[in-house]
Amino acid sequence: MKTLVVYDSYTGTTEKCAKMLAELLQNADLVNLSNQKVSKLEDYDCVVIGSYIHAGKISKKVKRFCQENLEKLKGKKIGIYLCMLREQDGLEEYIPSNFDQQLLSYVKVKDFFGGELNYDKMNFVFRFILKQIEKKAKPKLGLRIERINAFAQKLMDQL
């Protein structure tokens, strides 16, 4: 089975997760939607979609990819992961509010992989806002490697 991992990354966290998944899924193909186009989506049996969360929303590029390819994704095994500072409650809120219900009916695995605050890759305003949030909310930072491994295993069990 041929697997594609498509993602968009703002500060590099989602990309880091995509690369880990590609290795765990036996060298899946990677497409960074920020600077690449997906060609021959029909060649893939499984598609993993990864995005960061900003102000409760997934990346516009990921949203556009899902909307434009909804028919092509039909019948494929789909996995969705989010990189964010919130925990499980965030996943349960953000998945249904950001993805088409038809697409969600194809999803076999969904999870969140945690988040990092890579301030050096943020603009001044975003950096300022996140520092204020970090002071007040004290989110659990870092990638959840065990969740990435479990996601890959669950997806491979579906193939």
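Refer to the structure printed above.
Definitions and cut-offs
Residues numbered from 1 in each chain as written. Predicted model: local features only at pLDDT ≥ 70, side-chain atom pairs only at ≥ 80, totals over all residues. Heavy atoms only, no water. Buried < 20%, exposed > 50% of the residue type's maximum accessible area, 1.4 Å probe, protein only. Helix = DSSP H or I, 4+ residues; strand = E, 2+ residues; numbered from the N terminus. Pairing = 2+ DSSP bridges. Contact = heavy atoms within 4.5 Å. Salt bridge = Lys/Arg side-chain N within 4 Å of Asp/Glu carboxyl O. Patch = residues over 30% accessible without salt bridge, like charges linked within 9 Å, V, L, I, M, F, W, Y side chains within 5 Å. Areas by Shrake-Rupley, 256 points an atom, 1.4 Å probe, with all protein chains shown as cover. Lys, Arg positive; Asp, Glu negative; His and termini not counted. Charge placed at Lys NZ, Arg CZ, Asp CG, Glu CD. Expected span 1.5 Å × (residues − 1). Polar contact = N/O pair within 3.5 Å; in protein donor to acceptor, adjacent residues only side chain to side chain. Disulfide = S-S within 2.5 Å. Phe/Tyr/Trp six-rings, centres within 6.5 Å; stacked < 30°, edge-to-face > 60°.

Q: For this particular structure, what's the right way to read the pairing of strand 3 (residues 46–54)?
A: Sheet faces and side chains relate simply in a regular strand, where the side chains alternate between the two faces. Taken across its 9 residues, strand 3 has 8 buried, putting it largely inside the fold. As paired elements, strand 1 (residues 3–7) and strand 3 share 5 bridges and run parallel to each other. Counterpart to Val5 in the pairing with strand 3 is Val48. As judged from the 2 bridges shared by strand 3 and strand 4 (residues 57–58), these two strands associate in the antiparallel manner. By the bridge assignment for strand 4, His54 is matched with Lys57. Linking two consecutive strands that pair antiparallel, namely strand 3 and strand 4, is a turn of 2 residues; a positive phi of about 55 degrees is found at Ala55 within it.

Q: Looking at this model, I keep getting lost on the environment of Ala28. Mind explaining?
A: The residue Ala28 is located in the loop between helix 1 (13–24) and strand 2 (29–32) in this model. The spatial distance from the C-alpha of Ala28 to the C-alpha of Ser105 is 23 Å, given a sequence separation of 77 residues. Once residues lying within four places of it in the same chain are set aside, the contact partners of Ala28 are Thr3, Val5 and Ala22.

Q: Where do I start with the pattern of salt bridges in this structure?
A: Where charged atoms from two side chains of opposite charge come close, those side chains can pair. Applying the stated criterion across every chain, the model contains 6 salt bridges. The salt bridge involving Glu87 is made with Arg144; its shortest N-O contact spans 2.3 Å. Here Glu87 is found in the loop between strand 5 (77–83) and helix 4 (88–98), whereas its partner Arg144 is found in the loop between strand 8 (142–143) and helix 7 (145–158), with 57 residues between them in sequence. Given a relative accessible area of 31%, Glu87 falls into the partly exposed group.

Q: Would you take a moment to explain a positive patch on the surface for this structure?
A: Where like charges cluster on the molecular surface, the positive patch consists of Lys37, Lys60, Lys61 and Arg64. Here Lys60 is to be found in helix 2 (residues 60–68).

Q: Explain helix 6 (residues 124–137) to me, please; I cannot follow it from the model alone.
A: Its 14 residues give helix 6 an end-to-end C-alpha distance of 20 Å, which sits within 8% of 20 Å, the value for a rise of 1.5 Å per residue. The N-capping residue of helix 6, defined by a side-chain oxygen 3.2 Å from the backbone nitrogen of Val125, is Asn123.

Q: Whenever I open this one, the state of the cysteines confuses me. Can you help?
A: As used here, a disulfide is simply a covalent bond connecting the sulfur atoms of two cysteines. Applying the stated criterion across every chain yields a total of 0 disulfides. For the unlinked cysteine Cys66, the closest cysteine sulfur is that of Cys46, found at 13 Å. Cysteine Cys83 is unpaired, with the sulfur of Cys17 as its nearest cysteine sulfur at 3.7 Å.

Q: So what exactly am I meant to see when it comes to the packing of aromatic side chains here?
A: Within a pair of aromatic rings, the relevant descriptors are the distance that separates the centres and the angle that separates the planes. All chains considered together, the criterion is met by 5 aromatic pairs. For the ring pair Tyr81 and Phe113, a centre distance of 4.7 Å and an interplane angle of 15 degrees mean the geometry is stacked. Placement of the pair is Tyr81 in strand 5 and Phe113 in the loop between strand 6 (107–112) and strand 7 (114–115), with a sequence separation of 32 residues. Assessed through its relative accessible area of 0%, Phe113 is described here as buried.

Q: Teacher, can you tell me more about unusual backbone geometry here?
A: Among all residues save glycine, negative phi is the norm, and among peptide bonds the norm is trans. A positive phi angle, near 55 degrees, is found at Lys40, a position not held by glycine. Looking at the secondary structure, you find Lys40 in the loop between strand 2 and strand 3. On the basis of relative accessible area, Lys40 is assigned to the exposed category, the value being 54%. One non-glycine residue with positive phi stands out, namely Ala55, at about 55 degrees. Summarising the element assignment, Ala55 is placed in the loop between strand 3 and strand 4.

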